[in-house]
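Take a look at the letters that make up each chain.
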Amino acid sequence: MSNSTPSLTCDALLHDAGEHIGGDSPRLDAELLLSHVTGLSRTTFRAWPEREVPPEQAQAFQALVSERARGLPVAYLLGEQEFWSLPLRVSPSTLIPRPDTECLVEAVLSLPLPERARVLDLGTGTGAIALALASEKPGWRILASDRIPEAVALARENSQRLQLPITVIQSHWFDEIPEGSFDLLVSNPPYVPASDHHLREGDVRFEPASALVAGDDGLDDIRLLVTEGGSRLSPGGWMLLEHGYDQAEAVRNLFAEAGWHSIDSLKDYGGNDRMTLARTALSHEPERPVHAE
Ligand code: GLN
C-alpha cells in the first residue's frame, strides 16, 4: 500500500460511481458493488459516509463500476442474486433469476400436490425454482435438468451451498429424463421471439440466448414441453409454464390442442398473464358415468 495514494470515503466513491453508471438505479447499483468489495453493509454507507475505503478496495470497486457502466448486470458482477430469499450463485451461462418467477413458485405451492410429490424443473439454470421448492417442501423429490453443462454444475453448487437436496441432470428437455411419472412439471423455458428488441437492451444483452430465445414466435420450446410433457405425468399431474406477457392465449391454445385439462393462466407481480397451468386427465381409462352399474 502506498502512502501517497489518497484514501477515499464511501460517500465520494459512491457519488462518482453513480455519475458513471447510468441506467435506472445507479446509486443502488453502486452501493451493492461497494458493499460486495468492502464487506460493509449498505446501511453503513448512510450512517458513516465519511468512512474511508482502503485504496486496493477502492480500485477493485472502480473496476466493477466500469463494467457496470458498460452494461454488465449487477448480478453477474456480484456473482449472486437472491431468489425466494435464497442467495443463489449466478454466472453468464444462465439467466439471472427474475422476481416474477417467484410467482411461479407461489403458484406451485398452492396446488393440491401429494406430501411426497415427484417434481421436475426443466431448464433449471441456477436451480432457482427447484431450490425454492426444496426449501418449502422437504418431503418432495425434486429433479432439475438443464441442457447446458455449466448450468448443471451451477445448480449443483447452489444445491450444496444452500444444503437443499435436489438432483440435477444434464438433459435437453425430456431426452435424458428417466422414465417415471411425475406429479408436476415446472419450467421457465426460453420464450423470447428471436427478433424481440428487448434482446438488444439492458441486462438481457449479457444473458445467454440459450436461456432466452425460442424461435420466431418464442414458442418453440413451450410447444415441445406441451406436446411431450403429458406422457411424463401421472394421471391428474400438473404442468406449469412461465411465458411472455403476451403469449398466454397462444399457450392455452397449445395445451388445449394437445388435450390437456383445467387450463388456466395466472398473473405475475406486474399484473401480466405470465404463466399457464394445465393438468392431464385424472385417469387414463375412458371416462364413465358415475352411476353406471
Ligand atoms: N422474462 C425474461 C425477460 O424478458 C425472459 C425469460 C425467459 O425467456 N425465460 O427477460
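Reading the values: rules and limits
Residues numbered from 1 in each chain as written. Predicted model: local features only at pLDDT ≥ 70, side-chain atom pairs only at ≥ 80, totals over all residues. Heavy atoms only, no water. UniProt positions renumbered as here; feature names shortened; annotations may be inferred. 1 Å grid on protein atoms, 1.4 Å probe; cavity = no way out; pocket = protein on both sides within 12 Å on 5 of 7 lines; lining within 4 Å. Points joined across faces, edges and corners; volume = space filled by probe spheres on them. Helix = DSSP H or I, 4+ residues; strand = E, 2+ residues; numbered from the N terminus. Nonpolar A, V, L, I, M, F, W, Y, C, P; charged D, E, K, R; others polar. Near = heavy atom within 4 Å. Polar contact = N/O pair within 3.5 Å; in protein donor to acceptor, adjacent residues only side chain to side chain. Areas by Shrake-Rupley, 256 points an atom, 1.4 Å probe, with all protein chains shown as cover. Sits in = over half its atoms within 2 Å of the grid points. Salt bridge = Lys/Arg side-chain N within 4 Å of Asp/Glu carboxyl O. Buried < 20%, exposed > 50% of the residue type's maximum accessible area, 1.4 Å probe, protein only. Expected span 1.5 Å × (residues − 1). Contact = heavy atoms within 4.5 Å. Phe/Tyr/Trp six-rings, centres within 6.5 Å; stacked < 30°, edge-to-face > 60°. Axes fitted to C-alpha atoms, helices over the stretch in contact; angles between N-to-C directions. Parallel < 35°, antiparallel > 145°, perpendicular 65-115°, else oblique. Left-handed = near helix turned anticlockwise from the far one by under 90°.

- Labelled according to an unreviewed UniProt entry, the protein chain appears under the name Release factor glutamine methyltransferase, originating from Marinobacter daepoensis.
- Here the protein chain is described in UniProt, under the heading Catalytic activity (unreviewed entry), as follows: "L-glutaminyl-[peptide chain release factor] + S-adenosyl-L-methionine = N(5)-methyl-L-glutaminyl-[peptide chain release factor] + S-adenosyl-L-homocysteine + H(+)".
- The UniProt entry for the protein chain carries the following comment under Sequence similarities (unreviewed entry): "Belongs to the protein N5-glutamine methyltransferase family. PrmC subfamily."

Concerning the layout of surface pockets
1) Next: Computed from the structure, the largest pocket encloses a volume of approximately 1,100 Å³.
2) Next: Lining the largest pocket are 43 residues, with Ile96, Arg98, Asp203, Val204 and Glu207 sitting closest to its centre.
3) Next: For the lining of the largest pocket, the secondary-structure elements that each account for two or more residues are helix H2 (26-38), helix H4 (55-69), helix H5 (74-78) and helix H9 (209-212).
4) Next: Class assignment for the residues of the lining of the largest pocket results in 20 nonpolar, 11 polar and 12 charged.
5) Next: The computed volume of the second largest pocket comes to approximately 420 Å³.
6) Next: Counted by class, the lining of the second largest pocket contains 13 nonpolar, 12 polar and five charged residues.

Things to note about the site of the ligand
1) Next: Surveying the vicinity of the ligand reveals the residues Leu95, Arg98, Asn188, Pro189, Pro190, Tyr191, Val192, Val204, Ala211 and Leu212.
2) Next: In this structure, a nitrogen atom belonging to the ligand sits 2.8 Å away from a side-chain N or O atom of asparagine 188.
3) Next: Between the ligand and tyrosine 191, the relevant distance is 2.8 Å, taken from a nitrogen atom to a side-chain nitrogen or oxygen of the residue.
4) Next: When the free accessible area of the ligand is taken as 300 Å², the share hidden by the protein chains comes to 82%.
5) Next: In a pocket analysis with a 2 Å cut-off to the grid points, the ligand is assigned to the largest pocket.

Topic: the pattern of salt bridges
1) Next: This model, assessed by the stated rule, comprises 14 salt bridges.
2) Next: Between aspartate 217 and arginine 223 there is a salt bridge, with its nearest N and O atoms 2.4 Å apart.
3) Next: Overall, arginine 223 belongs to the partly exposed group, its relative accessible area being 31%.
4) Next: Across the salt bridge formed by aspartate 268 and arginine 274, the nearest N and O atoms sit 3.0 Å from each other. Note on accessibility: aspartate 268 and arginine 274 belong to one class, buried.
5) Next: Here the salt bridges share partners, and the residues they tie into one network are Arg27, Glu31, Arg42 and Arg46.

Notes on H4
1) Next: End to end, H4 covers 21 Å across 15 residues, agreeing with the expected 21 Å (1.5 Å per residue, within 8%).
2) Next: For H4, every residue scored as buried is listed here: Pro55, Ala58, Phe61, Leu64, Val65 and Arg68.
3) Next: Where H4 is buried, its residues meet strand E1 (8-9), helix H1 (10-21), H2, strand E2 (52-53) and H5.
4) Next: Backbone geometry just after H4 places glycine 71 at a positive phi near 115°.

Regarding the UniProt feature "binding site: S-adenosyl-L-methionine" (unreviewed entry) in the protein chain
1) Next: The sites that UniProt annotates as "binding site: S-adenosyl-L-methionine" (unreviewed entry) are Gly123, Thr124, Gly125, Thr126, Gly127, Asp146, Trp173 and Asn188. Of the annotated set, the members that line the largest pocket are Asn188.
2) Next: Structurally, threonine 126 can be placed in the loop between strand E5 (118-122) and helix H7 (128-136).
3) Next: On the accessibility criterion, threonine 126 (2% relative accessible area) is buried.
4) Next: Beyond its immediate stretch of four places on either side in the chain, threonine 126 contacts Leu88, Arg89, Val90, Thr94, Leu95, Pro97, Leu131, Leu154, Ala155 and Asn158.

Some remarks on the side chain of asparagine 188
1) Next: Within the secondary structure, asparagine 188 is located in the loop between strand E8 (182-187) and H9.
2) Next: With a relative accessible area of 14%, asparagine 188 lands in the buried category.
3) Next: In this structure asparagine 188 touches Leu95, Thr101, Leu122, Gly123, Ile129 and Glu242, once residues within four positions along its chain are discounted.

A few points about the packing of aromatic side chains
1) Next: On inspection of all chains with the given rule, the structure shows one aromatic pair.
2) Next: Plain terms: the ring middles of phenylalanine 255 and tryptophan 260 are 5.1 Å apart, the flat faces sit at 80° to each other, and that makes the pair edge-to-face.
3) Next: Tryptophan 260 gets classed as buried once you look at its relative accessible area, which sits at 8%.

A look at the environment of alanine 151
1) Next: Here alanine 151 is to be found in helix H8 (residues 149-162).
2) Next: Residue class for alanine 151 comes out buried when judged on its relative accessible area of 1%.
3) Next: The sequence separation of alanine 151 and leucine 95 amounts to 56 residues, and the corresponding C-alpha distance is 9.4 Å.
4) Next: Among residues more than four places away in sequence, those in contact with alanine 151 are Ser93, Thr94, Gly125 and Asp146.

A short note on the packing of helix H10 (residues 220-229) against helix H11 (residues 248-257)
1) Next: Where H10 contacts H11, the two axes come as close as 9 Å, and the packing angle between them is 30°. The angle between H10 and H11 places the two elements in the roughly parallel class. Pair H10 / H11 crosses with right-handed handedness. Along the contact surface, H10 presents Ile222, Arg223 and Val226, while H11 presents Val251, Leu254 and Phe255.
2) Next: Residues that form the contact of H10 with H11 fall into these classes: five nonpolar, no polar and one charged.

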